[in-house]
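# Remarks on the overall topology
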Amino acid sequence: MEIIKNPQELQKRALELRAQGKKVALVPTMGYFHRGHASLMDAARKLADVVIVSLFVNPTQFGPGEDLDNYPHDLERDAALAQEHGVDILFTPTRDSMYYDDHCTWVEVPELGVNLCGKSRPVHFRGVATVVTKLFMVAQPQVAVFGQKDWQQLAILKRMVRDLNIPVEIHAHEIVREESGLALSSRNTYLTTEEKNVAPLLCKGLKMLREMVEEGEESAARLKDELEAFYAANIPGSRVDYIEIVDPDNITILERVDGPALCAVAVYLGKARLIDNLLIKV
Ligand code: AMP
């Protein structure tokens, strides 16, 4: 496995690979790999001749007071895991090599960014859409793999490539969970042992909602109230950022669950802000 730090160097390599007729897959990440990242790498391996994984903690998607400077990292361990999973190129640019001091060009998909995480993290998706566009230009992939863990991000990126005619196929990968149901996340490292014991209830509550829908409940308000009460009673010390039921493609808020519906939650638990989601009606 090659480690490339410089965006210009990766772009040159990627253009050469494309000229040789190779199919390139990109897996964008912020590192501190877990099984979720690994399964994205495995999926990419099956889709392409060359797998590029980017590891970049993108400053423009963090707001003031967020965990940019404390984001967990372990490059040595990450490089070993990427190599084990057949990654060909690990791209680890510096912040300075990705952004000029006077960077001022942004990609925005505002309509899909107003609800859920976009509400509490106002600059987040602008940063994500911009860095992913830059990564696409640098790594020149035909296919890119993203996790459904960040469902809103996936919806935004699908819309972005559609609207801007970007020739990259977006491949969605299901959420990888612990046996307990807890969605794997680099930020789970912020949890204490006690918090880790109750965190799986986040997912349990979502499953409970899906059962209520299967039993005929259609009122989004009643479902959300039920989930809020469940978290309050069962996850001591947690604070709900949002509990929403949305259209899975447009991320618009639903009042009735009578068609495809996604329940998405963000909950503060100790130092972590955990997100999870479940399709409660297909
Ligand atoms: P991150 O490094 O957290 O920015 O995530 C990089 C990619 O991995 C994103 O496409 C995430 O959606 C995906 N990802 C993170 N956690 C999981 C998980 N538990 N299951 C599946 N994909 C995940």
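Owing to the predicted nature of the structure, the values given are computational and were not obtained by experimental measurement.

Glancing now at the overall build of the protein. If you tally the helices and strands in the protein, you get 10 helices and nine strands. Taking 2.2 N^0.38 as the reference for a compact globule, 282 residues should give roughly 19 Å; the C-alpha atoms of the protein span a radius of gyration of 19 Å, in line with that estimate. With the C-alpha coordinates aligned to their principal axes, the bounding extent of the protein is approximately 55 × 40 × 40 Å. By the burial criterion, 55% of the 282 residues in the protein qualify as buried. With the model as given, the accessible surface of the protein reaches about 13800 Å², and the carbon-plus-sulfur share is 48%. Computing the positive centroid from 32 side-chain charges and the negative centroid from 41, the protein places the two 2 Å apart.

Moving on to the layout of surface pockets. When its volume is computed, the second largest pocket comes out at roughly 390 Å³. In terms of lining residues, the second largest pocket is bounded by 19 residues, among which Leu-55, Phe-56, Val-57, His-73 and Pro-93 are the most central. Of the residues that constitute the lining of the second largest pocket, the class distribution is 10 nonpolar, four polar and five charged.

Time to look at the domain arrangement of the protein. A common way to express how large an interface is: the accessible area buried when the components associate. Partitioning the protein into structural domains gives domain 1 (2-173) and domain 2 (186-277). For domain 1 and domain 2, the distance between their C-alpha centroids amounts to 26 Å. The interface is formed by 22 residues belonging to domain 1 together with 19 residues belonging to domain 2. Buried area between domain 1 and domain 2, both sides added, is near 1800 Å², and the carbon and sulfur share of it is 53%. Viewed at the interface, domain 2 and domain 1 are joined by one salt bridge. Linking Asp-67 and Arg-187 is a salt bridge whose minimum nitrogen-to-oxygen distance equals 2.8 Å.

A separate point is the site of the ligand. Taken together, 18 residues lie near the ligand, and Met-30, His-37, Asp-150, Val-176 and Leu-184 sit nearest. With respect to the ligand, the backbone of Leu-184 contributes an N or O atom lying 2.8 Å from a nitrogen atom. When the free accessible area of the ligand is taken as 480 Å², the share hidden by the protein chains comes to 92%. Elements supplying a minimum of two residues to the shell around the ligand: strand E2 (24-29), helix H2 (35-47) and strand E5 (143-147). If one sorts the elements of the shell around the ligand by residue count, H2 sits on top with three residues.

Moving on: helix H7 (residues 151-163). Its 13 residues place the ends of H7 18 Å apart at the C-alpha level, agreeing with the 18 Å of an ideal helix rising 1.5 Å per residue. In terms of residue burial, H7 counts as a mostly covered element, since 10 of its 13 residues are buried. Taken residue by residue, H7 has Trp-151, Gln-152, Gln-153, Leu-154, Ala-155, Ile-156, Leu-157, Arg-159, Met-160 and Val-161 as its buried positions. Packing partners of the buried residues in H7 comprise helix H5 (117-120), helix H6 (124-139), E5, strand E6 (169-173), strand E8 (261-269) and strand E9 (272-281). A positive backbone phi angle near 55° is found at Asn-165, which sits one or two residues after H7.

A word on the environment of Asp-88. Position of Asp-88 among the secondary structure elements: in the loop between helix H3 (75-84) and strand E4 (89-91). On the basis of relative accessible area, Asp-88 is assigned to the partly exposed category, the value being 28%. Separated by 70 residues in sequence, Asp-88 and Arg-18 place their C-alpha atoms 14 Å apart. Once you skip the residues sitting within four places of it in the chain, Asp-88 turns out to touch Met-1, Glu-2, Arg-45, Asp-49, Val-50 and Val-51. At 2.7 Å, the side chain of Asp-88 forms a polar contact with the backbone nitrogen of Val-51.

The rules behind the values
- Residues numbered from 1 in each chain as written.
- Predicted model: local features only at pLDDT ≥ 70, side-chain atom pairs only at ≥ 80, totals over all residues.
- Heavy atoms only, no water.
- Helix = DSSP H or I, 4+ residues; strand = E, 2+ residues; numbered from the N terminus.
- Rg over C-alpha atoms; globule rule 2.2 N^0.38 Å.
- Buried < 20%, exposed > 50% of the residue type's maximum accessible area, 1.4 Å probe, protein only.
- Areas by Shrake-Rupley, 256 points an atom, 1.4 Å probe, with all protein chains shown as cover.
- Lys, Arg positive; Asp, Glu negative; His and termini not counted.
- Charge placed at Lys NZ, Arg CZ, Asp CG, Glu CD.
- 1 Å grid on protein atoms, 1.4 Å probe; cavity = no way out; pocket = protein on both sides within 12 Å on 5 of 7 lines; lining within 4 Å.
- Points joined across faces, edges and corners; volume = space filled by probe spheres on them.
- Nonpolar A, V, L, I, M, F, W, Y, C, P; charged D, E, K, R; others polar.
- Domains from an automatic or database assignment.
- Contact = heavy atoms within 4.5 Å.
- Buried area = accessible area lost by both parts, 1.4 Å probe.
- Salt bridge = Lys/Arg side-chain N within 4 Å of Asp/Glu carboxyl O.
- Near = heavy atom within 4 Å.
- Polar contact = N/O pair within 3.5 Å; in protein donor to acceptor, adjacent residues only side chain to side chain.
- Expected span 1.5 Å × (residues − 1).

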